[in-house]
Amino acid sequence: MWHDKCAMKVGTDGVLLGAWCPTGTRILDVGTGSGLIARMLMQRCPEAEVEGIDIDEAAVEQARENGVKAFCSSLQNWQGSYDLVVSNPPYFRNSLKNPDKGRQTARHTDTLSYNELIAHSARLLKENGQLALILPAEAETEILQIAAQHALSCTRITRVYSKETKPARRVMMVFSRDNGITGYRYTEDKLVLEDEKGGRSAAYSELCREFYL
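Bear in mind the structure is a predicted one, so any value in this text is a computation, not a measurement.

What follows is about the packing of helix α1 (residues 12-20) against helix α2 (residues 36-44). Orientation of α1 relative to α2, taken along the N-to-C sense of each, is 30°, at an axis distance of 9 Å. Taken together, the axes of α1 and α2 are roughly parallel relative to one another. Two packed elements cross with a definite hand, and for α1 against α2 that hand is right-handed. Contact with α1, carried on its side by G14, V15, L17, G18, A19 and W20, involves L36, I37, M40, L41 and R44 of α2 and no other residues of that element.

Have a look at this one:
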């Protein structure tokens, strides 16, 4: 995977989401960057039609170099109908901005708030479509509340820990249309990335075994 032109480089969050999320026959990767998640889904589901969008022209060019059908567009302006919308979105808010404009856009929610992310993803989902996200653990309650406002119910949560003894650092979530059903309880599990010796845990290695050499 080439990522030299991208503000945000290939990282653990994207790898986790690309390996963990559900698949579909028509998939949209929002904020595709280098196209990492899109490429992983193309590998997992070769028959799927996978598209990526990003507002960074250099990132779109890079994603295309990596074999992704990528387009320069915001989520707010994008049209389509998808079985799966997946995103490792910008998530920093009210924090010191990086002087690099590209990294600032990629990392901060100024151009794509959580509410916009959920609302426009819901707009693009087919009736039985799903939305999959990876976010900071502290955003979990807020995201659940926003999703409910847009008639999306959480069906699965995996909380990600760097070590067993530390608080969760990320949360991966899957949503689908609630179709008027209330009180549904999502399944919950956890993923610890490091073992006692500081190497990759068995669970992490198993999840990503098709993608790491």
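For the rest of this paragraph, the subject is the nonpolar core. Ranked by internal contacts, the top residues of the largest apolar core, which has 30 residues, are L16, L17, C21 and V86. For this core, the secondary-structure elements that each account for two or more residues are α1, α2, α3 (57-65), β4 (82-87), β5 (125-136) and β7 (170-177). Contact partners of L17, with chain neighbours within four places excluded, come to I37, V86, S87, N88, A132, L133, I134 and M172. Among the nonpolar cores identified, the runner-up in size contains 29 residues, and L117, A139, I143 and M173 belong to it.

What counts as what
Residues numbered from 1 in each chain as written. Predicted model: local features only at pLDDT ≥ 70, side-chain atom pairs only at ≥ 80, totals over all residues. Heavy atoms only, no water. Axes fitted to C-alpha atoms, helices over the stretch in contact; angles between N-to-C directions. Helix = DSSP H or I, 4+ residues; strand = E, 2+ residues; numbered from the N terminus. Parallel < 35°, antiparallel > 145°, perpendicular 65-115°, else oblique. Left-handed = near helix turned anticlockwise from the far one by under 90°. Contact = heavy atoms within 4.5 Å. Core = buried A, V, L, I, M, F, W, Y, C linked by side-chain atoms within 4.5 Å. Buried < 20%, exposed > 50% of the residue type's maximum accessible area, 1.4 Å probe, protein only.

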